[in-house]
Amino acid sequence: MSTARVGLIGLGTVGTGVARLLRERREEIRARTGMDLDLACACDVRRERARELRLPARIFTTDADELLGRSDLDIVIELMGGLEPARRYLLKVLSQGRSVVTANKHLLAESYREITAAAASGGASLFFEASVAGGIPLLKSIREGLAANRVNGVEGIVNGTCNSILTQMTEKGMDFKAALAEAQAQGFAEANPALDVDGHDSAHKLVVLSALAFGRAFRLADVHVEGIRGVSRDDIRYAGEMGFVVKLVAAGRRVDGGFDLRVHPTLLKKHHPLASVGGVYNAVLVEADAAGRLMFYGRGAGQMPTASAVVADVIDAARWLELPAASRARATRRIEAGRTLPMAETRSRFFCRFNVADHFGVLGRIATELGRHRVSIQVVLQKEQRPDGVVPVVMLTHPAREADFRKALSRIDRFSFALEPTAFIRVGAD
Ligand SMILES: NC(=O)c1ccc[n+]([C@@H]2O[C@H](COP(=O)([O-])OP(=O)(O)OC[C@H]3O[C@@H](n4cnc5c(N)ncnc54)[C@H](OP(=O)(O)O)[C@@H]3O)[C@@H](O)[C@H]2O)c1
């Protein structure tokens, strides 16, 4: 049995878990998989990490260039995060034909084509299971378990911070600010939560997931992104009365003329498989043409779930090293760019809340304006007047073109009876 020599850069939350699994489970992993994984070098700018992990001094360095300069490492794990110098490190390792395992969704989403092209030209393998939905073995299932399928769509809750905030808002009737403060107090949200609550982290994961699902390289700019700051507890309540829950959903699907990739708050029917996914949990639905609809559920982040996915990748990378050179070359390929539909051309159903003065004829004028823009109404509910005099009128529309709907709203919001801009949330498919 050959031994794969592993280098690890970044001994923070995930790296610490990975170092522990590699060292404490070495025998079990060898017995179960036949792969012997030797943590030969670990690097972190913080010297105290070596002490905390009781790493022998001979395998620890604070200088990543020293680790990268070692020619005896077969696999390099990048868990330092961020864009630079992580990108430079990955490109260097891949160009040397050595395997890379990373969980860095932000970097992959920014530079997917460049990094996969470097892997293809270096004849190197690249694994990134932990970059999407943490501990859930999702990418491997798509890559291997669904290899005979054409994937038509992926749809998921992939950010635990947003999901726990929306869960609190739904269950306890909290507003966004209070739910965010609670998530921060419990350690589920960062002090600067922008990457999560503004939807960017979900978009990073959607770019990576879509690349695997559709075999195309997308850019972050291809994804329409909206976060959850604008979701109000009133909308969650009104949606609930209509049989829906509000979730931040990342969805990618094949459509006529390309792909539709988006992250935004979404109304899901209460019986939808994603509707009951609460708190910090993640879940992803995959629509595969032969296998049908599959659901993956589990912990989307955290030290040991994420480390579990990283070590599974290291085992795959070690298996790859045992392939004959010709098979390796066949398995690395450049992927094509994907064409995405501009959001204005997409179609959705909309939940909207018009905030109007209590005047005669208001409903008729809203309906007329929507109709003029080819938006037809499915349900209308007029809610009780608020103490500030605003009357919320809640509607569900039939599917409409985004551009038409937006034009209708911009006209309606200019009427004198419109006291506040109209709020809206798109409705997901059943
Ligand atoms: N945490 C999760 O649950 C989770 C889940 C899925 C994916 N991920 C991804 O996994 C990666 C790691 O996340 P994490 O939460 O473990 O991050 P983390 O706790 O911040 O750990 C990163 C570690 O790398 C060190 N570092 C930064 N730059 C370095 C350099 N140039 N050379 C050597 N060490 C360096 C950091 O030191 P300083 O602290 O001094 O900068 C820190 O100790 C990220 O890409 C993240 O997106 C994390």
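This text follows the structure it describes.
Presented here is an overview of the structure given in this document.

Each value, and the rule that gives it
Residues numbered from 1 in each chain as written. Predicted model: local features only at pLDDT ≥ 70, side-chain atom pairs only at ≥ 80, totals over all residues. Heavy atoms only, no water. Pairing = 2+ DSSP bridges. Helix = DSSP H or I, 4+ residues; strand = E, 2+ residues; numbered from the N terminus. Core = buried A, V, L, I, M, F, W, Y, C linked by side-chain atoms within 4.5 Å. Buried < 20%, exposed > 50% of the residue type's maximum accessible area, 1.4 Å probe, protein only. Contact = heavy atoms within 4.5 Å. Near = heavy atom within 4 Å. Polar contact = N/O pair within 3.5 Å; in protein donor to acceptor, adjacent residues only side chain to side chain. Areas by Shrake-Rupley, 256 points an atom, 1.4 Å probe, with all protein chains shown as cover. Nonpolar A, V, L, I, M, F, W, Y, C, P; charged D, E, K, R; others polar. Salt bridge = Lys/Arg side-chain N within 4 Å of Asp/Glu carboxyl O.

### Things to note about the sheet that holds strand E4 (residues 75-78)
Taken together, the six strands give an open sheet; going across it, the order is E3-E2-E1-E4-E5-E6, and neighbouring strands pair in parallel fashion. Of all the strands in the sheet, just strand E3 (60-61) and strand E6 (126-127) have a single pairing partner and so form its edges. Sheet analysis places strand E1 (residues 3-9) next to E4, joined by four bridges and oriented parallel. Pairing of Val-6 across the sheet is with Ile-75, part of E4.

### Quick look at the nonpolar core
By size, the foremost hydrophobic cluster in this structure holds 83 residues, and its most contacted members are Leu-138, Ile-165, Ile-228, Val-286 and Phe-351. At nine residues, the largest contribution of residues to this core is made by helix H11 (residues 200-214). Contacts of Phe-351, omitting those with residues within four sequence positions, involve Asp-235, Tyr-238, Ala-239, Met-242, Leu-267, Val-394, Met-395, Leu-396, Ala-423, Phe-424, Ile-425 and Val-427. Grouped together as the second largest cluster of nonpolar side chains are 34 residues, Leu-8, Leu-79, Val-101 and Ala-130 included.

### Observations concerning the site of the ligand
Taken together, the neighbourhood of the ligand is formed by 21 residues, with Val-14, Asp-44, Arg-46, Arg-49 and Gly-302 sitting nearest. At a separation of 3.5 Å, an oxygen atom of the ligand approaches a polar side-chain atom of Lys-105. For the ligand, whose free accessible area comes to 900 Å², the fraction covered by protein is 74%. Of the residues assigned to the shell around the ligand, the class counts are 10 nonpolar, seven polar and four charged.

### Section: the side chain of Thr-397
On the secondary structure map, Thr-397 appears in strand E17 (residues 391-397). When neighbours within four sequence positions are excluded, Thr-397 is seen to be in contact with Arg-349, Phe-350, Cys-352, Val-375, Ser-376, Ile-377, Gln-378 and Phe-405.

### Thoughts on the pattern of salt bridges
Inspection of the entire model under this criterion finds 41 salt bridges. For the salt bridge of Lys-205 with Asp-201, the shortest nitrogen-to-oxygen distance reads 2.7 Å. Pair noted here: Lys-205 and Asp-201 are both in helix H11, with a separation of four residues, about one helical turn. A relative accessible area of 6% places Lys-205 in the buried class. Given the relative accessible area of 5%, Asp-201 is considered buried. Salt-bridge contacts for Asp-388 lead to Arg-386; the nearest nitrogen and oxygen are separated by 2.8 Å.

### Looking at unusual backbone geometry
Put simply, Glu-84 and Pro-85 share a cis peptide bond, and its omega is 5°. In this fold, Pro-85 is placed in the loop between E4 and helix H5 (86-95). A positive phi angle, near 50°, is found at Arg-54, a position not held by glycine. If you trace the backbone, Arg-54 turns up in the loop between helix H3 (48-52) and E3. Classification of Arg-54 by relative accessible area gives exposed; the value is 72%. With a phi angle near 60°, Arg-374 is a residue other than glycine that sits in the positive phi range. The topology assignment puts Arg-374 in the loop between helix H15 (362-372) and strand E16 (377-382).

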